[in-house]
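Working through the structure, step by step
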Amino acid sequence: MKFGGTSVQDAAAMRNVSQIVQTERGREPLVVVSACAGVTNALLSVARGAVGGGGAKALEQVEALRTLHRKIAHDLFKGEVLFSVQAQLDALIDDLRDLVKSIAILGELTNRSLDTFASFGERLSSLLLYHHFVQTMGKVVLLDVREVMITDDSFTQAAPMEKEIAERSEQLIAPRLKGGEVVLTQGFIGATREGITTTLGRGGSDYSAAHLGSALHAEEIQIWTDVDGVLSCDPRLVPSSKLLETLSFQEASELAYFGAKVLHPSTIVPAIQKNIPVRVLNSKNPKGAGTTIVRDAQIRASRQVKAIACKTGISMMNIRSTRMLLMPGYLARVFEVFSRYGMSVDVIATSEVSISLTVDSLENIDGIVAALKEFADVEVRNNMATICVVGDGLGSARDVPARVLATLDHAEVEVSILSLGASRVNISIVVSAADVKKAVSSLHEEFI
Ligand code: ADP
Ligand code: ASP
Ligand code: MG
């Protein structure tokens, strides 16, 4: 059971989490918790402030974090317990202050340090929730996930190591669950084999939960969040979005990858391997059915559009070379450049002499352009967006592509790339970011 930031944002939310966990008590729940809402962003801003000569301001922000967590403690506990919890929170916050000071002196902020900063969020929230669980549920253990979530050392985007995680979950978590204890741990953070703190990337608590669920052969992986489940679109963009009761693993992963923030894009991977259903549920409406994500074969391809996701902050590159004509190995040469710079390419369309593609970060873009210019003309367009129209069986739905284009034409949205046929579950379109709301709303209106 993974609870996201808004599900633990204050004392009332934490009480609610405890009630939800109690209803699942008989199923030996492992609880994975995110930082309280907004705290990871605040910690990263503290880190950047500390190194940018803003040490004093960063320390002020740290004090605001102290107040926030102390207030939750104050609302949840009384007397001796309150005193002890606040002392434990203070100890963590004091470590954070020390970190700010050392970074300010060093004047250098590495990804490794960033991960240590970010880790405080989950460490603080889990500490609070743990003491609340002790009061409401008795037999509870707080496990430092860094003993189990072993990752490589790609700081800020660390990759979990499946075998180690499985072994350690078997040793450290399974016996406790079997013994009737509720095990509570942190999402998002991990550690290298040497014990250096890492994180799995923003929004990574979902991924933590999926890995731990998979390691423990869980019956299901529950992702508790602040919306009723996976909806047909981001409700912040299209308020009339509908709840999707079932999705295939593939539909869910395409949606997540193309911007449905409700699930971290990799969440589904460990679940697919072990065929564990993933349920997305609303902690503010726990009786709701939520969304169940299951193996594709269990869902009949509807050939209908089920959902629309979008991702902004995309750059598009047009790479053109007449030398490409009839030349074997040309594409390999182009993609070798992206690979050399560690950049993944998302949407692609090619014709005889040109390639259009998208990347979701501007990091290294100058190097890539320079390397490509050695053999091709390159044009870069920033501020683009990818829209992803998802539904199992879309690959063989004859009318959908035509309707997508007609709808966008009607809405006066210019389509820069259309990728069709590469996947049987999605059609991807690249448009200017300025048009994205208009485009998504009109597609939602047309299909959903
Ligand atoms: P948590 O902190 O629980 O992990 P997130 O903020 O990461 O929550 O994800 C939940 C948010 O994802 C929702 O509040 C919603 O705005 C956004 N979202 C984007 N696309 C979708 C979608 N297709 N369905 C549901 N929510 C979506
Ligand atoms: N707290 C982390 C973040 O904000 C991880 C998560 O919430 O999933 O990115
Ligand atoms: Mg999230």
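The residue count restarts for each chain, going from 1 along the sequence in the order it is written. To read the labels, note that chains go from A and ligands from 1, taken in the order they are written. Two thresholds apply to this predicted model, a pLDDT of at least 70 for residue-level local features and 80 or more for giving and counting side-chain atom pairs, whereas whole-chain, interface and lining totals are computed over all residues. Calculated side-chain values reflect all of the structure's heavy atoms, with hydrogen atoms and water omitted.

**Description of the overall build of the chain**
Under the convention used in this document: Strands are runs of DSSP state E lasting at least two residues, helices are runs of H or I lasting at least four, and both sets are numbered from the N terminus onward. Computation of the radius of gyration draws on C-alpha atoms, with the globule rule given as 2.2 Å multiplied by the number of residues to the power 0.38. Burial status follows relative accessibility: with a 1.4 Å probe on protein chains alone, a residue under 20% of its type maximum counts as buried, one over 50% as exposed, and anything between as partly exposed. By definition, residues are in contact when any of their heavy atoms lie within 4.5 Å. All tallies of charge rest on Lys and Arg as positive and Asp and Glu as negative; His and the ends of each chain are not included. The atoms used to mark charge sites are NZ of Lys, CZ of Arg, CG of Asp and CD of Glu.
Secondary structure assignment for the chain yields 14 helices and 16 strands. Its C-alpha atoms give the chain a radius of gyration of 23 Å, near enough to 22 Å, the size a compact globule of 448 residues would have. Judged by the C-alpha coordinates and their principal axes, the chain covers about 75 × 55 × 40 Å. Relative to its 448 residues, the chain shows a buried fraction of 52%. Considering only contacts in the chain between residues 6 or more positions apart, those separated by 24 or more positions represent 75%. Between the centroid of the 45 positive side chains of the chain and the centroid of its 51 negative side chains there is a distance of 3 Å.

**A short note on the sheet that holds strand β7 (residues 221–225)**
Basically, it comes down to this: Following DSSP output, two strands are said to pair if at least two bridges run between them. Helix axes use the C-alpha atoms of the stretch in contact, all axes being lines fitted to C-alpha atoms, and the angles between their N-to-C directions lie in the range 0 to 180 degrees.
Strand order in the open sheet formed by eight strands is β3-β4-β2-β1-β7-β9-β10-β8, with mixed pairing between adjacent strands. Only two strands of the sheet have a single partner each, and these edge strands are β3 (140–143) and β8 (246–248). The pairing of β8 with strand β10 (residues 291–294) spans three bridges and is classified as parallel. Its bridge partner being in β10, Leu247 is matched across the sheet by Ile293. Relative to the sheet, helix α5 (residues 111–137) contacts β2 (30–33), β3 and β4 (182–186), its axis offset from that of β4 by approximately 165°. The sheet contacts of helix α9 (residues 249–257) involve β8, β9 (278–282) and β10, and relative to β8 the element is tilted by about 85°.

**What to know about the site of ligand 2**
Our working definition: A single heavy atom is enough: if one lies within 4 Å of a molecule or strand, its residue is considered near that molecule or strand. We define a polar contact as two N or O atoms separated by no more than 3.5 Å, with the added condition that, inside protein, one atom must be a possible hydrogen donor and the other a possible acceptor, whereas residues neighbouring each other in sequence contribute only through side-chain atom pairs. Reported accessibility uses the Shrake-Rupley method at a 1.4 Å probe radius. Residues are deemed covered only where the shown protein chains occlude them.
Inspection of the region around ligand 2 gives Ser34, Ala35, Thr40, Glu122, Phe188, Arg202, Gly203, Gly204 and Ser205 as its neighbouring residues. For ligand 2, a nitrogen atom lies 2.8 Å from a polar atom in the side chain of Thr40. Within the side chain of Glu122, an N or O atom sits 2.7 Å from a nitrogen atom of ligand 2. Burial of ligand 2 by the surrounding chains reaches 85%, relative to a free accessible area of 260 Å².

**Brief notes about the nonpolar core**
Test applied: Each nonpolar core is a collection of buried residues, namely Ala, Val, Leu, Ile, Met, Phe, Trp, Tyr and Cys, held together in the definition by side-chain atoms within 4.5 Å.
In terms of nonpolar packing, the biggest core is built from 99 residues, with Phe3, Val21, Phe133, Ile173, Leu212 and Ile293 touching the most fellow members. Among the elements that make up this core, the one with the highest residue count is α5 (10 residues). Core analysis: the next-biggest nonpolar cluster, separate from the first, contains 24 residues, Val238, Val305, Ile427 and Phe447 among them.

**Points about the sheet that holds strand β14 (residues 377–390)**
With respect to topology, six strands assemble into an open sheet ordered β12-β13-β11-β14-β16-β15, the strand pairing being antiparallel. What marks the edges here is a single partner per strand, and that holds for β12 (348–350) and β15 (417–419). With direction set aside, neighbouring strand axes in the sheet form an average angle of 25°. One ladder, built from seven bridges, connects β14 with strand β16 (residues 426–432); its direction is antiparallel. Considered in β16, the bridge of Thr386 is made with Val430.

**Notes on the pattern of salt bridges**
For the record, the criterion: A pair is scored as a salt bridge if a Lys or Arg side-chain nitrogen falls within 4 Å of a carboxyl oxygen belonging to Asp or Glu.
Summed over all chains, the structure comprises 21 salt bridges. Between Glu251 and Lys306 there is a salt bridge; the shortest N-O distance is 3.1 Å. Of this pair, Glu251 sits in helix α9 while Lys306 sits in the loop between β10 and β11 (307–320); the two residues are 55 residues apart in sequence, bridging distant segments of the chain. Relative accessible area serves as the criterion here: at 1%, Glu251 is assigned to the buried category. In this structure, Asp360 engages Lys311 in a salt bridge whose closest nitrogen and oxygen atoms are separated by 3.5 Å. In this pair, Asp360 sits in the loop between β13 (354–359) and α12 (365–373) while Lys311 sits in strand β11, placing the two residues 49 residues apart along the sequence. Overall, Asp360 belongs to the partly exposed group, its relative accessible area being 36%.

**Focus on the layout of surface pockets**
Cut-off, in case you're wondering: The pocket and cavity definitions rest on a 1 Å grid over protein atoms only: a 1.4 Å probe that fits but cannot leave marks a cavity, an open set with protein on both sides within 12 Å along at least five of seven lines marks a pocket, and residues lining either have an atom within 4 Å of a point. Grid points are joined across faces, edges and corners, and a volume is the space filled by probe spheres set on the points. In this count, Pro and Cys sit with the nonpolar residues alongside Ala, Val, Leu, Ile, Met, Phe, Trp and Tyr, while Asp, Glu, Lys and Arg are called charged and the others, Gly among them, polar.
The volume enclosed by the second largest pocket comes to roughly 480 Å³. Around the second largest pocket sit 23 residues that line it, and Arg27, Glu28, Ala218, Glu219 and Glu220 are the ones nearest its centre. Sorting the residues of the lining of the second largest pocket by element identifies β2, α7 (174–178), α8 (205–215) and β7 as the ones contributing at least two each. Broken down by element, the residue count for the lining of the second largest pocket peaks at four residues, all from α8. Looking at the lining of the second largest pocket residue by residue, the class counts come to 12 nonpolar, three polar and eight charged.

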